[in-house]
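Residue-level structure breakdown
These are the residues of each chain, in order.
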Amino acid sequence: MNRTIESALKIPPARASNRMGRPLVAVKILVQVVAWSSAAAFIYVVSWHELGVAVGFLGGTCVVAMAALERWAERQRWMYPIEEMATKVRAISENPERPIETLDNPQLAELVRAVSEMRSKLISMREPGVHRNQSDSNLAASGEFDIVPPEGFDFTPNGRDSTEARWSAGSDMVSRLDLDTLNWLDASDADQTFLGWPLRDLKQMSFLDIVDAKERDLALAQIHAAIDKGEDHNLLYRIRNRRGEVKTVELHLSVRYRKVPELERPIPAHLKMSMIDMTSRPPAELESRKRTRELVEINQQLRRMNRELESLKNRYSSLYHEAPSLYLSVDATGKVIECNNTLLGTLGRQRVDVIGRPYVELETSDRRGAFREWFELLKLVSNVEIETRWVAKEGDPLAIAIAARAVRAPDGRFQYAMLVGRDVTRKRELEAQVRENSERLAQANNELQRKNKELDQFAYIVAHDLKEPLRTLTAFSGFLERDCGDAITEVGRESLQHIMDASRRMRAFIDDLQTLGRAGNVTGEFVRVNLSVLVDRTRADFAEQLRSRGGGIVIQGRLPDVLGDPTRIGQLISNLVGNGLKYNQSERPLVEIEAVAAPGRTIPEGHIAFEVRDNGIGIDPQFHAKVFQLFRRLHAREEYEGTGAGLAICQKIVVAHGGEIWVESQAGKGARFFFTLPAAGE
Amino acid sequence: MSSSFHILLVDDSPTDVLIIGRALRETNVPHRLTTFADGFSTLDYLRALSRDDSRIDETPDLILLDLNLPGIDGCEVLASIKSDEELKLIPVVMLTTSQREEDVAQAYRAGANTFIRKPDEYALYQELVKTLHRYWGLSALRPPRRLHA
């Protein structure tokens, strides 16, 4: 059956169209003449002759034959141009000299496929018994129409390449090589003639054996590459034939496949090699072919790179578009070249509203003037950071922090700007809130300070105004006693004494109240204060008491200088030392002052802690907090004189310096007062 | 030595005036005491004196000036005195209950010759007037009554 098709296909197109028509017409006329003669004879004979039945039968047969011949001739008439077309298309697709652009031309492949299909349909019409699929397989097996096997294609296992080789036997140099050894498996007659070895000998040879020694390595590499790839074209080598002639040949290689029942995909069977003798071609053409080949290789490399770039682009594109920052590129004229999806999403805009539009359209109108300024600056300095406001499609403008970078050509010329923006609206809102809160706090603080000052002022004025009547009370009690002494009884004199004692106590309270009012009012700039000097001054103040009772005021180690108001700090030392001496039953009252590195609690930064300790009566821990309260006394007036304002004044002075004061003590075991003050440094 | 140490006391507290008067008497300081209870009448009195040559001897030898006065306060009175070409020669001793640094500084800045806090005890008043007399009445040279005289 294959033979039939093959022979049909092999009819040369020229012969087919011109010569096959005439005998057909002659036969047709002859048959018609016979048919009509038979009909006339039939009518005659039926009337007159006993042979009528036989003649009639002959006539009928001729009519039937004529109809069949007519149908066959018609089909043949359609078949020839298609065959012709098939041959031409095949010649084009197989022609190794065709330009490289057509190598992978999809239109050509489509054409080949279409012609093949058309032909198979016609053949199946002609051979009614042939199953269509089978016919397709036969066509495929003829080898012209596929280079790389399409998936799922049904291959005929054998016979394919033998027909192919025979088909090409005319003038083409076509051969089959073993994929591993590159030994010939088959060679066309032209091939054998050109090379000078009969097929028998060629089967014992590898193609590499005839390649020029200098090109052998290259050939080996290129052929193996072709096998890996499935095909390669325009490979130029110099070979030596059996007659010792050096020839330049061009190879077209393609791997042929064969289907094995166990595997879904066909496996490589052998290498088909078409060879063209280029020896007589002018050197320029050879050169151009070499170039062509190089170009093909470069083209392939470029395609591969293009594919890689494409996948790279896809990867980076998602990184660009989905990044949590707003990306934007702006050209030298201020137009947006590109932006990412995050930006579009944030602003609620479409790509077309942004790309190609001036950048300033993103900004609120009040910011547009500033853009020119920083954009020009960017062209000079390459990096600029600004904060601006962008208009969102919905809602309030957004606060955007932008880091802009200039992208420059190798010669330093500004090309475009890359902007990375962050939406800082929420951050700014929070900051504004914090600012507002701290302003409110500062205001409250100021108010409090003002109130405190007013209170101090008030205490001071009250104290001041209380003193005048107090003075009157004491002075006039004295006058009464002296002026009317005789008239006053002993009881009256005692009453006067009570008045005067009370007045004296009241004066002490008022004095302390005044001192307290001033204690928090530290004056102006702090100065460096030498505590040792203040301790010496205190010692001098208590000199009389120390002399009469014995005892001492001692500095342990060195006292570092502090920063503060010297008058107030002097008062602080005096009050603490005075307390240590006053609340003291020891044989020899002793007050020690020392700077302490680790006072047992964290102290304000930049402060130094000091300790004032005594060997006095101590303070029960339950009173530790209370001793700093104003006019808080722990003892009866008869026991220890005093208003109870001393430690309140101390606390106010220390707090006014930003420090802390506290006490550690047990009843009967002396007291340790700690306070901190700003260090003056060395 | 002038037998009449003329003191001009400006104080709105009658008891304080009584106390100072009694202290002067009881310490036997030879004196003449003129008192005013507010700044306006004090300034009127002093300006009248300075314009009247016949009353030149009435010019006080010392002014004791309280800070806290009704109307214009002691510091303003002091400033007026010390900005007057004639009156500025008279020594002014601020005598007040206040011991605020600001008050002290302000008084000296306005031209006070001394700033003394009012004592709490009568006995200390007696000491004070004796001291004032000893210093301003006996030791210090008094300024001439008239510059152009």
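Owing to the predicted nature of the structure, the values given are computational and were not obtained by experimental measurement. (Residues numbered from 1 in each chain as written. Chains lettered and ligands numbered in written order. Predicted model: local features only at pLDDT ≥ 70, side-chain atom pairs only at ≥ 80, totals over all residues. Heavy atoms only, no water.)

A few words now on the overall build of chain B. Across its full length, chain B holds five helices and five strands. Going residue by residue from the N terminus, the α and β elements of chain B occur as β-α-β-α-β-α-β-α-β-α. A sequence separation of at least 24 residues applies to 69% of the contacts in chain B between residues at least 6 apart. (Helix = DSSP H or I, 4+ residues; strand = E, 2+ residues; numbered from the N terminus. Contact = heavy atoms within 4.5 Å.)

Residue and element names in this part refer to chain A. Most of strand β15 (residues 607-614) is tucked away, with seven of its eight residues classed as buried. Where strand β14 (residues 590-596) meets β15, six bridges bridge the pair, whose relative direction is antiparallel. Considered in β15, the bridge of Val591 is made with Asp614. (Buried < 20%, exposed > 50% of the residue type's maximum accessible area, 1.4 Å probe, protein only. Pairing = 2+ DSSP bridges.)

On to the pattern of salt bridges, then. All names here are of chain A. One pass over the structure, following the stated rule, counts 46 salt bridges over all chains. When the shortest N-O distance is used, the salt bridge between Lys229 and Asp232 registers 3.9 Å. The exposure class assigned to Lys229 is partly exposed, which follows from its relative accessible area of 44%. Between Lys451 and Glu447 there is a salt bridge, with its nearest N and O atoms 3.7 Å apart. Within this pair, Lys451 and its partner Glu447 are both found in helix α16 (residues 425-483), separated by four residues, close to a single helical turn. Through salt bridges with shared partners, a single network forms among Glu592, Glu594, Glu611, Arg613, Glu664 and Arg672. (Salt bridge = Lys/Arg side-chain N within 4 Å of Asp/Glu carboxyl O.)

End to end, helix α1 (residues 14-26) of chain B covers 18 Å across 13 residues, agreeing with the expected 18 Å (1.5 Å per residue, within 8%). Of all the positions in α1(B), only Thr15(B), Asp16(B), Val17(B), Ile19(B), Ile20(B), Gly21(B), Arg22(B), Ala23(B) and Leu24(B) are classed as buried. Its buried side turned inward, α1(B) meets α16 of chain A together with β1 (5-10), β2 (31-36), β4 (92-96) and α5 (122-139) of chain B. Trailing α1(B) by a residue or two, Asn28(B) shows a phi angle of about 60 degrees, which is positive. (Expected span 1.5 Å × (residues − 1).)

Residue and element names in this part refer to chain A. In this structure, the largest pocket encloses a volume near 970 Å³. Contributions of two or more residues to the lining of the largest pocket are made by α17 (490-519), α20 (566-582), β15, α21 (646-656) and β17 (671-678). Here the lining of the largest pocket gets eight residues from one element, more than from any other, and that element is α20. A class-by-class count of the residues in the lining of the largest pocket yields 15 nonpolar, 14 polar and 11 charged. (1 Å grid on protein atoms, 1.4 Å probe; cavity = no way out; pocket = protein on both sides within 12 Å on 5 of 7 lines; lining within 4 Å. Points joined across faces, edges and corners; volume = space filled by probe spheres on them. Nonpolar A, V, L, I, M, F, W, Y, C, P; charged D, E, K, R; others polar.)

All names here are of chain A. Of note, Leu362 is situated in the loop between α14 (351-354) and α15 (368-381). Given a relative accessible area of 2%, Leu362 falls into the buried group. Here the alpha-carbon distance between Leu362 and Val391, two residues 29 residues apart in the chain, equals 5.8 Å. Look past the residues within four positions of Leu362 in its chain and what remains in contact with it is Leu328, Leu347, Arg349, Val354, Arg389, Trp390 and Val391.

All names here are of chain A. Here chain A averages 81 in pLDDT, and 85% of its residues register 70 or above. Counting interchain partners and residues more than four positions distant, the pLDDT-below-50 stretch residues 1-20 has 20 contacts. The model gives residues 127-170 a pLDDT under 50, and that stretch makes 65 contacts with residues more than four places away or in other chains. (pLDDT = per-residue confidence, 0-100.)

What follows deals with the nonpolar core. All names here are of chain A. By size, the foremost hydrophobic cluster in this structure holds 38 residues, and its most contacted members are Leu572 and Phe675. Those elements that place two or more of their residues in this core are α17, α18 (531-541), α20, β14, β15, α21, β16 (661-665) and β17. Excluding residues that lie within four positions of it along the chain, Leu572 makes contacts with Cys650, Ile653, Val654, Ile661, Phe675 and Leu677. Counting 31 residues, the second-largest nonpolar core is a separate cluster that includes Leu179, Phe194, Val211 and Leu271. (Core = buried A, V, L, I, M, F, W, Y, C linked by side-chain atoms within 4.5 Å.)

A few words now on the side chain of Asp61(B). All names here are of chain B. Assignment of secondary structure puts Asp61 in the loop between α2 (39-51) and β3 (62-65). In terms of polar contacts, Asp61 uses its side chain to reach the side chain of Arg142, at 3.3 Å. Leaving out residues up to four positions away in the same chain, Asp61 has contacts with Ser4, Phe5, His6, Pro91, Arg142 and Arg145. (Polar contact = N/O pair within 3.5 Å; in protein donor to acceptor, adjacent residues only side chain to side chain.)

Next up on the list: the interface of chain A and chain B. You'll often see interface size given as the accessible area lost when the parts meet. Counting residues at the interface gives 20 residues for chain A, matched by 23 residues for chain B. Taken together, both faces of the contact between chain A and chain B bury some 1,900 Å²; the carbon and sulfur share is 45%. Our enumeration of links across chain A and chain B arrives at seven salt bridges. Glu121(B) is paired through a salt bridge with Arg507(A); the nearest N and O atoms lie 2.7 Å apart. Taken together, chain A and chain B are joined by 10 residue pairs in polar contact (both at pLDDT 80 or more). (Buried area = accessible area lost by both parts, 1.4 Å probe.)

The next point concerns unusual backbone geometry. Most of the time, phi is negative for any residue but glycine, and the peptide bond is trans. Residue and element names in this part refer to chain A. Although it is not a glycine, Asn234 adopts a positive phi angle of roughly 60 degrees. Along the polypeptide, Asn234 turns up in strand β3 (residues 231-240). A relative accessible area of 8% places Asn234 in the buried class.

A few words now on empty space enclosed by the protein. Residues and elements named next belong to chain A. Counted according to the given criterion, the structure contains one cavity of 30 Å³ or more. Residue lining of the largest cavity: Val336, Arg349, Asp353, Val354, Arg357, Pro358, Tyr359, Glu361 and Leu362, and that is the complete set. A breakdown of the residues in the lining of the largest cavity according to their chemical character gives five nonpolar, no polar and four charged.

Next up on the list: the packing of aromatic side chains. If you walk through the whole model with that rule in mind, you get 18 aromatic pairs over all chains. Taken together, a centroid distance of 6.1 Å and an interplanar angle of 70 degrees make the contact between Tyr359(A) and Trp390(A) edge-to-face. Of this pair, Tyr359(A) sits in the loop between α14 and α15 while Trp390(A) sits in strand β8 (residues 383-390), and the two are 31 residues apart along the sequence. Classification of Tyr359(A) as buried rests on a relative accessible area of 0%. A relative accessible area of 1% places Trp390(A) in the buried class. Taken together, the ring pairs connect Tyr359(A), Phe371(A), Trp374(A), Phe375(A), Trp390(A) and Phe414(A) into an aromatic cluster. Just above the ring of Trp662(A) sits the side chain of Arg601(A); from NZ or CZ to the centre is 4.1 Å. For Arg22(B), the ring lying beneath its charged end belongs to Phe479(A), and the centroid distance is 4.0 Å. (Phe/Tyr/Trp six-rings, centres within 6.5 Å; stacked < 30°, edge-to-face > 60°. Lys NZ or Arg CZ within 6 Å of the ring centre and 35° of its normal.)

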